[in-house]
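This is what each chain is made of:
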Amino acid sequence: IQERYGNALDISRIDMEDAKTFELLCAGKTTGVFQLESSGMRDILVKLRPESFNDIIALVALYRPGPLESGMVDDFIKGKHGKVDVSYLVPELEPILKNTYGVILYQEQAMKIASVLANYSMAEADNLRKAMGKKVAAIMVQERKRFLEGARDNGIDPKKAESIFDLIEKFGGYGFNKSHSAAYALIVYQTAFLKANYPVEFMASVLTSEMGNTDNVVKYITECRNQGISVLPPDINESGMNFTVVEQSIRFGLAAIKNVGEGAIESIIAAREADGPFKTIYDFCERVDLRRVNKRVVESLIKCGAFDSTGSRRSQML
């Protein structure tokens, strides 16, 4: 982005309500976006249709085996889209669970419920969180007693207090730490923002980061084509070490070619920068360091089409 537009993007100061980013997320076009590449995640993304950063935090917390198996995900999505009336067992729960449509999604919410309804201190609430996570039955029996006593002191109906503790206990196996989820969600948003606003530069960077994995390079080249971004073949006179941006296209990086090492590429680029483009394969062989650019490297470059721009046929050059 800096090379193309002359100004560096400060990733920590991007617009957190960018319309293009949320359009991309709602459409599930998230190949290359952190945490959102799996088909299951894309499926939930399309159903959830996130509209805010809070929705992305929730999405990261929801896509785990517990919430998926328990029906929490469906409850959350139906609540968000107004397909069910969100209700609360006691009015005190509304400010704690309103953002998650009545679903106890985060560990912090369970701790807050214990604090508000049963007078837990934050330290006691943290002990409850640990007991839920470890599913220690003996401790949970003690916590139930402690919770019900505290709720009674606050004038909360004992049956409702029992139901709320049951929910907390059930949720305990699935609860996710919100601060952890928010940190992941930030990287989700940042990568989605880059893909939505700088698609060519983003995909060139993704391809460069995956150069050692042929399957992933193929996957991301397919994604480029799906986005209407053409990936130009490798060229000894145009390609750099990495995938580079050429107008609205991406030029294949020499380091992604099998059998072509960094030392050979450095020699090729140095010769090109010193005396200009290579005119023929003979010109190339006279100018590069043949201790680094050996026969195997030259053959690989010919076979992948890197010499095609010289106008000679591959069979002749081989």
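Heads up: these notes are all about the structure in this document. (Residues numbered from 1 in each chain as written. Predicted model: local features only at pLDDT ≥ 70, side-chain atom pairs only at ≥ 80, totals over all residues. Heavy atoms only, no water.)

### Considerations on the overall build of the chain
Okay, so step 1: Regarding its fold elements, the chain presents 18 helices and 3 strands.
Okay, so step 2: Over its C-alpha trace the chain gives a radius of gyration of 28 Å, far above what one expects of a compact globule, namely 20 Å for 318 residues.
Okay, so step 3: Viewed in the frame of its principal axes, the chain has a C-alpha envelope of about 90 × 40 × 35 Å.
Okay, so step 4: Among the 318 residues that make up the chain, the fraction classed as buried is 43%.
Okay, so step 5: Of the contacts made within the chain by residues no fewer than 6 positions apart, 58% connect residues no fewer than 24 positions apart.
Okay, so step 6: For the chain, the exposed surface amounts to about 16,800 Å²; the carbon and sulfur share of it is 49%.
Okay, so step 7: Positive and negative side-chain charges in the chain, numbering 40 and 42 respectively, have mean positions lying 4 Å apart. (Helix = DSSP H or I, 4+ residues; strand = E, 2+ residues; numbered from the N terminus. Rg over C-alpha atoms; globule rule 2.2 N^0.38 Å. Buried < 20%, exposed > 50% of the residue type's maximum accessible area, 1.4 Å probe, protein only. Contact = heavy atoms within 4.5 Å. Areas by Shrake-Rupley, 256 points an atom, 1.4 Å probe, with all protein chains shown as cover. Lys, Arg positive; Asp, Glu negative; His and termini not counted. Charge placed at Lys NZ, Arg CZ, Asp CG, Glu CD.)

### Some thoughts on the packing of aromatic side chains
Okay, so step 1: Applying the stated rule across the entire model yields 10 aromatic pairs.
Okay, so step 2: A network of ring pairs unites the aromatic residues Phe22, Tyr189 and Phe193 as a single cluster.
Okay, so step 3: Across from the ring centre of Tyr120, 4.3 Å away, lies the NZ or CZ of Arg146, which sits over that ring. (Phe/Tyr/Trp six-rings, centres within 6.5 Å; stacked < 30°, edge-to-face > 60°. Lys NZ or Arg CZ within 6 Å of the ring centre and 35° of its normal.)

### Describing the nonpolar core
Okay, so step 1: Of all hydrophobic cores here, the largest spans 39 residues; its most connected members are Phe243, Ile250, Phe284, Leu301 and Phe307.
Okay, so step 2: Taken together, the elements giving at least two residues each to this core come down to helix 13 (199-209), helix 14 (214-226), helix 15 (262-275), helix 16 (281-287) and helix 17 (295-303).
Okay, so step 3: The dominant element in this core, judged by the number of residues it contributes, is helix 13, at 6 residues.
Okay, so step 4: Ignoring any residue separated from it by four or fewer positions in sequence, one finds Leu301 in contact with Ile236, Leu254, Ile257, Val260, Ile268, Phe284, Ala306 and Phe307.
Okay, so step 5: Leu36, Leu48, Val60 and Val73 belong to the second largest nonpolar core, which has 31 residues in total. (Core = buried A, V, L, I, M, F, W, Y, C linked by side-chain atoms within 4.5 Å.)

### As for the packing of helix 13 against helix 14
Think of two packed helices as two axes; the pair is described by the angle between the axes and how far apart they sit.
Okay, so step 1: Contact geometry of helix 13 with helix 14 gives a least axis separation of 9 Å together with a crossing angle of 170°. On the basis of the axis angle, helix 13 is roughly antiparallel to helix 14. Listed contacts from helix 14 to Met203, Val206 and Leu207 of helix 13 are Val217, Tyr220, Ile221, Glu223 and Cys224.
Okay, so step 2: Looking at the contact of helix 13 with helix 14 residue by residue, the class counts come to 7 nonpolar, no polar and 1 charged. (Axes fitted to C-alpha atoms, helices over the stretch in contact; angles between N-to-C directions. Parallel < 35°, antiparallel > 145°, perpendicular 65-115°, else oblique. Nonpolar A, V, L, I, M, F, W, Y, C, P; charged D, E, K, R; others polar.)

### Some remarks on the packing of helix 3 (residues 39-48) against helix 6 (residues 72-80)
Okay, so step 1: Relative to each other, helix 3 and helix 6 sit at 25°, their axes nearing to 10 Å. Between helix 3 and helix 6, the angle is such that the two are roughly parallel. In contact with Ile44, Lys47 and Leu48 of helix 3, helix 6 contributes Val73, Phe76, Ile77 and Lys80.
Okay, so step 2: Within the contact of helix 3 with helix 6, the residues separate by chemical class into 5 nonpolar, no polar and 2 charged.

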